[in-house]
Amino acid sequence: MQTDIYYLRKAIEISHESRKQGNHPFGACLVNADGDIVITSGNTYSTDLGIGHAELNVARQAAVLLPADQLLACTLVTSVEPCCMCAGGTYWAGIGSLVFGLTEKRLAELTGNNPENLTMDLPCHTVFDAGQRKVNVRGPYPELEQDIIAAHKDFW
């Protein structure tokens, strides 16, 4: 099994690809209990204008493709902390763990008041703590901050 850093680097690669495709620079992947990446997605802003966040895209696919016991053993890995919508999607899909690289608070510093990314000051821990099922959260990873920010440079 690889480390969180390995999978976060994959999510960062996806965020760069997402940007190249005309979408917002976010990436996510789902890692199963064996350490295999089974689902990936970038942001899909160009086609859905806002609700196709990378994490929610992955959670939606995961909920359809995998049984509950497998989802509980999976980890959603994302370049940036999921917003409340994506944290809720992760929770409702039944994914057991989450790894993120950069906090949403730090993202807000990068995006400012850009109308395409009006961040909320609502950490994913707060969303998960309100639920009845525990979601294991690991992040942020400051050692990857500059790599994550590179995908956002001059975008917003």
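A short tour of the structure in this document, coming up. (Residues numbered from 1 in each chain as written. Predicted model: local features only at pLDDT ≥ 70, side-chain atom pairs only at ≥ 80, totals over all residues. Heavy atoms only, no water.)

**Some thoughts on the overall build of the protein chain**
Along the backbone of the protein chain there are eight helices and five strands. Taken from N to C terminus, the helices and strands of the protein chain fall in the order α-β-β-α-α-α-β-α-β-α-α-β-α. Relative to the 2.2 N^0.38 estimate, which gives 15 Å for 156 residues, the radius of gyration of the protein chain is 14 Å and therefore close to what a compact globule would have. By sequence separation, contacts in the protein chain at least 24 residues apart represent 63% of the contacts at least 6 residues apart. (Helix = DSSP H or I, 4+ residues; strand = E, 2+ residues; numbered from the N terminus. Rg over C-alpha atoms; globule rule 2.2 N^0.38 Å. Contact = heavy atoms within 4.5 Å.)

**What about the environment of Asp154?**
Along the chain, Asp154 falls in the segment after α8 (145-152). Classification of Asp154 by relative accessible area gives exposed; the value is 69%. Considering only alpha carbons, one finds Asp154 and Phe100, 54 residues apart in sequence, at a separation of 22 Å. (Buried < 20%, exposed > 50% of the residue type's maximum accessible area, 1.4 Å probe, protein only.)

**Points about unusual backbone geometry**
Both trends apply: most residues other than glycine have a negative phi, and most peptide bonds are in trans. Between Gly139 and the following residue, Pro140, the backbone shows a cis peptide bond with an omega angle of 5 degrees. Secondary-structure assignment places Pro140 in the loop between β5 (136-138) and α8. The backbone phi angle of Leu49 is positive, close to 55 degrees, even though this residue is not glycine. Assessed through its relative accessible area of 63%, Leu49 is described here as exposed. Unlike most non-glycine residues, Asp154 shows phi in positive territory, near 60 degrees.

**Some points on helix α6 (residues 104-111)**
In an α-helix, one turn spans 3.6 residues; hence positions three or four apart end up facing the same way. The complete set of buried residues in α6 reads Glu104, Leu107 and Thr111. Projection of α6 onto a plane perpendicular to its axis shows the buried side chains occupying an angular sector of 50 degrees, all on one side. For α6, the exposed residues lying more than 90 degrees away from the buried face are Lys105 and Glu109. Taken together, the buried residues of α6 touch β3 (75-80), β4 (97-102) and α8. Positive backbone phi, approximately 60 degrees, marks Gly112, located one or two places after α6. (Arc of directions from axis to C-beta.)

**Comments concerning the layout of surface pockets**
Roughly 340 Å³ of volume is contained in the largest pocket. Going through the elements one at a time, α2 (45-48), α3 (54-65), α5 (84-93) and α6 are the ones with two or more residues in the lining of the largest pocket. Ranked by residue count, the leading element in the lining of the largest pocket is α5, at three residues. Residue classes in the lining of the largest pocket are distributed as 14 nonpolar, eight polar and five charged. (1 Å grid on protein atoms, 1.4 Å probe; cavity = no way out; pocket = protein on both sides within 12 Å on 5 of 7 lines; lining within 4 Å. Points joined across faces, edges and corners; volume = space filled by probe spheres on them. Nonpolar A, V, L, I, M, F, W, Y, C, P; charged D, E, K, R; others polar.)

**Looking at α3**
With 12 residues, α3 should reach 16 Å at 1.5 Å per residue; the first-to-last C-alpha distance of 17 Å fits that figure. Residues of α3 that are buried: Ala54, Glu55, Leu56, Asn57, Val58, Ala59 and Ala62. In this structure, the buried side of α3 is in contact with β1 (27-31), β2 (37-42), α4 (68-72), β3 and α5. (Expected span 1.5 Å × (residues − 1).)

**Considering the environment of Leu8**
If you trace the backbone, Leu8 turns up in helix α1 (residues 4-20). For Leu8, a relative accessible area of 1% gives the class buried. Not counting chain neighbours up to four residues away, the residues in contact with Leu8 comprise Val77, Thr78, Val99, Phe100, Gly101, Tyr141 and Leu144.

**Some remarks on the packing of aromatic side chains**
Considering all chains together, one arrives at four aromatic pairs under this definition. An angle of 85 degrees between the planes, with centres 5.2 Å apart, marks the rings of Tyr6 and Tyr7 as edge-to-face. We classify Tyr6 as partly exposed; its relative accessible area is 34%. Seen in terms of ring centroids, Phe26 and Trp156 are 6.3 Å apart; in terms of plane orientation they differ by 50 degrees. Their pairing is tilted. One end of the pair, Phe26, is in the loop between α1 and β1; the other, Trp156, is in the segment after α8, with 130 residues separating them in the sequence. For Phe26, a relative accessible area of 8% translates into the label buried. Accessibility expressed as a relative area gives 22% for Trp156, which makes it partly exposed. Chaining the aromatic ring pairs together yields one cluster made of Phe26, Phe155 and Trp156. Between Arg133 and the ring centre of Tyr91, over which it is positioned, the NZ or CZ distance is 4.8 Å. (Phe/Tyr/Trp six-rings, centres within 6.5 Å; stacked < 30°, edge-to-face > 60°. Lys NZ or Arg CZ within 6 Å of the ring centre and 35° of its normal.)

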